[in-house]
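Chain by chain, the residues run as shown.
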Amino acid sequence: MKKIVLLIVIALGFLPAVAQKPTMAEVFKVMPDSLMPYLSTNNRLDMIDFMEAKMKAEVTNLLDGTTEMTALSDDSLSITMNERLRVDMRLTVRDSLVVEMTKTYTISEHQVEKVVQYYSTTWCPLSDLVSVSSTLLRRDEEVAEKPHF
């Protein structure tokens, strides 16, 4: 009987270690290539290794451009894909733990478009949760209101 009780106590002691939420680096490592087509798996792993080594996390992407991870924490990361696209990801809790991916497209100094998508930590899209915000229409309205002569 004492052995059974001891076994249960040990099993309960390991339960919190098994139930820990994943870190952003772990989730980013298993991200499908289709979500960032010009970053290979090796590029993503290299950027994580560089950040953990406190080095500049810059890689050459599949389009022969430069991509840099600028921030990495347990629950978020930020990647400058090129001079016009930044991707920010963070782990948030909704009904369960989800990945919020925000892609910020910079068209010009005054024109920015943000697309927010949500995924499970196993990268299944949560399709009903997509948000787009843009300054493009606001900028068009500003230009239309100015006198043109």
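Structure: see above.
Per chain, residue numbering runs from 1 following the sequence as it is written. Residue-level local features of this predicted model are given only where pLDDT is at least 70; pairs of side-chain atoms are given and counted only at 80 or more, and the full residue set underlies all totals for whole chains, interfaces and linings. Values shown for side chains rest on all heavy atoms present in the structure; no hydrogens or waters enter the calculation.

**Student:** Help me understand the environment of E100, please; the structure alone is not making it clear to me.
**Tutor:** Under the scheme used here, helices are H or I runs from DSSP no shorter than 4 residues and strands are E runs no shorter than 2 residues, and both carry numbers assigned from the N terminus. Looking at the secondary structure, you find E100 in strand β5 (residues 97-108). In this scheme, a residue with accessible area under 20% of its type's maximum is buried, one over 50% is exposed, and one in between is partly exposed, where area comes from a 1.4 Å probe on protein chains only. Overall, the relative accessible area of 11% leaves E100 in the buried class. In this structure, the C-alpha to C-alpha distance between E100 and M89, residues 11 residues apart in sequence, is 5.5 Å. Any pair of residues with heavy atoms lying within 4.5 Å of one another is described as a contacting pair. Discounting chain neighbours no more than four positions away, the residues touching E100 are D88, M89, R90, T92, R94, V116, Q117 and Y118.

**Student:** Looking at this structure, I do not really get the pattern of salt bridges. What am I missing?
**Tutor:** Between side chains of opposite charge, a pair can form as their charged atoms come close. Each reported salt bridge corresponds to a side-chain nitrogen of Lys or Arg within 4 Å of a carboxyl oxygen of Asp or Glu. Per the stated rule, a full pass over the model turns up four salt bridges. Where E58 meets K56, a salt bridge forms, and the shortest distance between an N and an O atom there is 3.4 Å. Residue classification places E58 among the partly exposed positions, given a relative accessible area of 35%. Its salt-bridge partner being R86, residue D88 comes within 2.9 Å of it at the nearest N-O pair.

**Student:** I keep staring at the packing of aromatic side chains and nothing clicks. Help me out?
**Tutor:** The geometry of an aromatic ring pair is captured by the separation of the ring centres together with the interplanar angle, meaning the angle of the planes. Two rings belonging to Phe, Tyr or Trp (six-membered ring only in the last case) form a pair when the distance between their centres is within 6.5 Å. Interplanar angles under 30 degrees mark stacking, angles over 60 mark edge-to-face geometry, and anything in between is tilted. Taken as a whole and judged by the stated rule, the model has one aromatic pair. Seen from their ring centres, Y119 and W123 are 5.4 Å apart, and the 50 degrees between their planes marks the pair as tilted. When its relative accessible area of 6% is taken as the criterion, Y119 is described as buried. Whether a charge sits over a ring depends on NZ of Lys or CZ of Arg being within 6 Å of the ring centre and within 35 degrees of the ring normal. Seen from the ring of F28, R44 lies directly overhead, with NZ or CZ sitting 5.9 Å from the centre.

**Student:** Looking at this structure, I do not really get the environment of E58. What am I missing?
**Tutor:** Position of E58 relative to the elements: it lies in strand β1 (residues 57-60). For the pair E58 and T80, spaced 22 residues apart in sequence, the C-alpha separation works out to 9.4 Å. In this structure E58 touches F50, T66, T67 and E68, once residues within four positions along its chain are discounted.

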